[in-house]
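Working through the structure, step by step
This is what each chain is made of:
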Amino acid sequence: MCKALKISRSEYYYHKNHRTNVYKENNRKLDVDILRIYKESKKRYGAPKIQKILESEGKHVSVKRVGKRMRFLKIKSCIVKKYKPASSNNKISSEGKENLLNQEFQATELREKMVSDITYIYVKSYGWTYLATVEDLCSRAIIGYSYGKTIDAELVIKAIKNAQKRGKFKKQAIFHSDLGSQYTSNKVERYLKEQGLRHSYSKKGYPYDNACMESFNAILKKEEVNLKDYETFKEAKISIFKFIEGWYNRSRIHSGYRNIFRNNRKTTKRARAKRIHIR
């Protein structure tokens, strides 16, 4: 029979005895876990983050193997859409605008250092809408944001006010932003002084000075905005709320946040406790 079927006798007896291939069986179980985590993240996570979650569950597997299984399952993380940045013709003076943060994106206390920026979101029934956000560099959470149809100083002030509702700012805390006209307006400058905040500015055309905020905007576009077509302003507003409050602040793995305190276990526990407390 083996000769007729052109298979070896050993292979015949292997299957006859119902022996299971341990590696294949482990891959089957791994595939189930990978799909579960992938779906729980709303198809946002790639191999590195899935591997971290598996490791936290006591399942030791390499990133390379997770990536290989994801290719086998034909799944992948969100892909960032490439775009060409548009240059501005407005002449922005940086005279007297000091960079107090100086790319030191580490903080030991909540509301000691904050960064902010505005990003654009397209809605079919209206056009361009605008989201101003404030990020705490200690917890790496979005502690305040404002979403509106106009891009002006009021949008920024409202985001700062919403951040204040989470707790009082530290005395002489740093508030960092770019040189956008909304942030350099007299209205915003006056409001920051009233709150006892020191305004720090990025250098003109140098996004690395506000890297944490740029990173959040990229994540928002990659994992939420670019995956959907918002029909109405209300629909977009609800989706942004769910992403920030339900996903980014509460569940998403933050690689930058982990790296800050990786050398100090006590500090890590304290910082994580603070991160949970602000929710």
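Thresholds applied
- Residues numbered from 1 in each chain as written.
- Predicted model: local features only at pLDDT ≥ 70, side-chain atom pairs only at ≥ 80, totals over all residues.
- Heavy atoms only, no water.
- Helix = DSSP H or I, 4+ residues; strand = E, 2+ residues; numbered from the N terminus.
- Buried < 20%, exposed > 50% of the residue type's maximum accessible area, 1.4 Å probe, protein only.
- Contact = heavy atoms within 4.5 Å.
- Areas by Shrake-Rupley, 256 points an atom, 1.4 Å probe, with all protein chains shown as cover.
- Axes fitted to C-alpha atoms, helices over the stretch in contact; angles between N-to-C directions.
- Parallel < 35°, antiparallel > 145°, perpendicular 65-115°, else oblique.
- Left-handed = near helix turned anticlockwise from the far one by under 90°.
- Nonpolar A, V, L, I, M, F, W, Y, C, P; charged D, E, K, R; others polar.
- Expected span 1.5 Å × (residues − 1).
- Patch = residues over 30% accessible without salt bridge, like charges linked within 9 Å, V, L, I, M, F, W, Y side chains within 5 Å.
- Salt bridge = Lys/Arg side-chain N within 4 Å of Asp/Glu carboxyl O.
- Lys, Arg positive; Asp, Glu negative; His and termini not counted.
- Charge placed at Lys NZ, Arg CZ, Asp CG, Glu CD.
- pLDDT = per-residue confidence, 0-100.
- Pairing = 2+ DSSP bridges.
- Phe/Tyr/Trp six-rings, centres within 6.5 Å; stacked < 30°, edge-to-face > 60°.

The secondary structure content of the chain amounts to 11 helices and 5 strands. Considering the chain as a whole, with its 279 residues, one finds that 44% of them fall into the buried category. At a minimum sequence separation of 6, the contacts of the chain that also span at least 24 residues come to 64%. Surface accessibility of the chain: about 17,500 Å² in total, with carbon and sulfur atoms responsible for 51%.

As a further point, take unusual backbone geometry. Phi at Gln103 takes a positive value of approximately 60°, unusual for a residue other than glycine. Take Gln103: it is sitting in the loop between α5 (63-73) and β1 (113-123).

A few words on the packing of helix α6 (residues 153-164) against helix α7 (residues 186-194). With their axes 9 Å apart at the nearest point, α6 and α7 run at an angle of 20° to one another. Taken as axis vectors, α6 and α7 run roughly parallel relative to one another. The two elements α6 and α7 cross, and the hand of that crossing is right-handed. Counted together, Ala153, Glu154, Val156, Ile157, Ile160, Lys161 and Gln164 of α6 and Lys187, Val188, Tyr191 and Leu192 of α7 form the full contact between these two elements. Each residue belonging to the contact of α6 with α7 can be placed in one class, and the counts come to 7 nonpolar, 1 polar and 3 charged.

What follows deals with helix α3 (residues 22-40). Residue pairs spaced three or four apart in an α-helix point in one direction, given the helix's 3.6 residues per turn. For α3, with 19 residues, the first-to-last C-alpha span of 27 Å sits near the 27 Å given by 1.5 Å per residue. Within α3, burial applies to Asn27, Leu30, Asp31, Asp33, Ile34, Ile37 and Tyr38. Considering only its buried residues, α3 is in contact with α4 (47-56) and α5. Two residues or fewer after α3 comes Lys42, characterised by a positive phi angle close to 60°.

With that settled, consider a positive patch on the surface. A surface patch of positive charge is lined by Lys158, Lys161, Lys165 and Lys237. When its relative accessible area of 46% is taken as the criterion, Lys237 is described as partly exposed.

The next subject is the confidence of the model for the chain. Chain-level statistics for the chain give a pLDDT mean of 84 and a share of 84% at 70 or above. In the model, residues 257-279 has pLDDT below 50 throughout and makes 37 contacts with residues more than four positions away in sequence or in other chains.

The buried fraction of strand β3 (residues 142-148) amounts to 7 of the 7 residues, a majority that puts the element mostly inside the structure. In this antiparallel pair of consecutive strands, strand β2 (residues 127-136) and β3, the connection spans 5 residues, and Arg140 shows a positive phi of 60°.

Here we take up the side chain of Arg69. Relative to the elements of secondary structure, Arg69 occurs in helix α5. In contact with Arg69, other than residues within four places in its own chain, are Asn27, Leu30, Asp31 and Ile34.

Moving on, we get to a nonpolar patch on the surface. On the surface, Met1, Leu5 and Ile7 cluster together into a nonpolar patch covering about 320 Å² of accessible area. Looking at the element boundaries, Met1 is found in the segment before α1 (2-5).

Here we come to the packing of aromatic side chains. Tallied over the entire structure, the rule returns 10 aromatic pairs. A ring pair is formed by Tyr147 and Phe233, whose centres lie 4.7 Å apart and whose planes are at 5°; its orientation type is stacked. Here Phe233 lies in helix α9 (residues 233-248) and Tyr147 lies in strand β3, a separation of 86 residues in the sequence. Here Tyr147 matches Phe233 in class, with each residue buried.

Where α3 contacts α5, the axes come no closer than 10 Å and their chain directions differ by 80°. Relative to α5, the element α3 is oriented roughly perpendicular. Judged by residue contacts, Tyr23, Asn26, Asn27, Leu30, Asp31, Ile34, Leu35 and Tyr38 of α3 engage Arg65, Val66, Arg69, Met70, Phe72 and Leu73 from α5.

For the structure shown, the criterion picks out 14 salt bridges. Between Glu224 and Arg44 there is a salt bridge whose closest N-O contact spans 3.0 Å. With Glu224 in the loop between α8 (211-223) and α9 and Arg44 in the loop between α3 and α4, the pair connects residues that are 180 residues apart, well separated along the chain. Classification of Arg44 by relative accessible area gives buried; the value is 7%. Here Glu245 and Arg166 are joined by a salt bridge, their closest N and O atoms 2.8 Å apart. Remark: Arg166 occurs in the loop between α6 and β4 (174-177) and Glu245 occurs in helix α9; sequence separation between them is 79 residues. Here the residues in one salt-bridge network are Asp33, Arg36, Glu40, Glu57 and Lys59, joined through shared partners.

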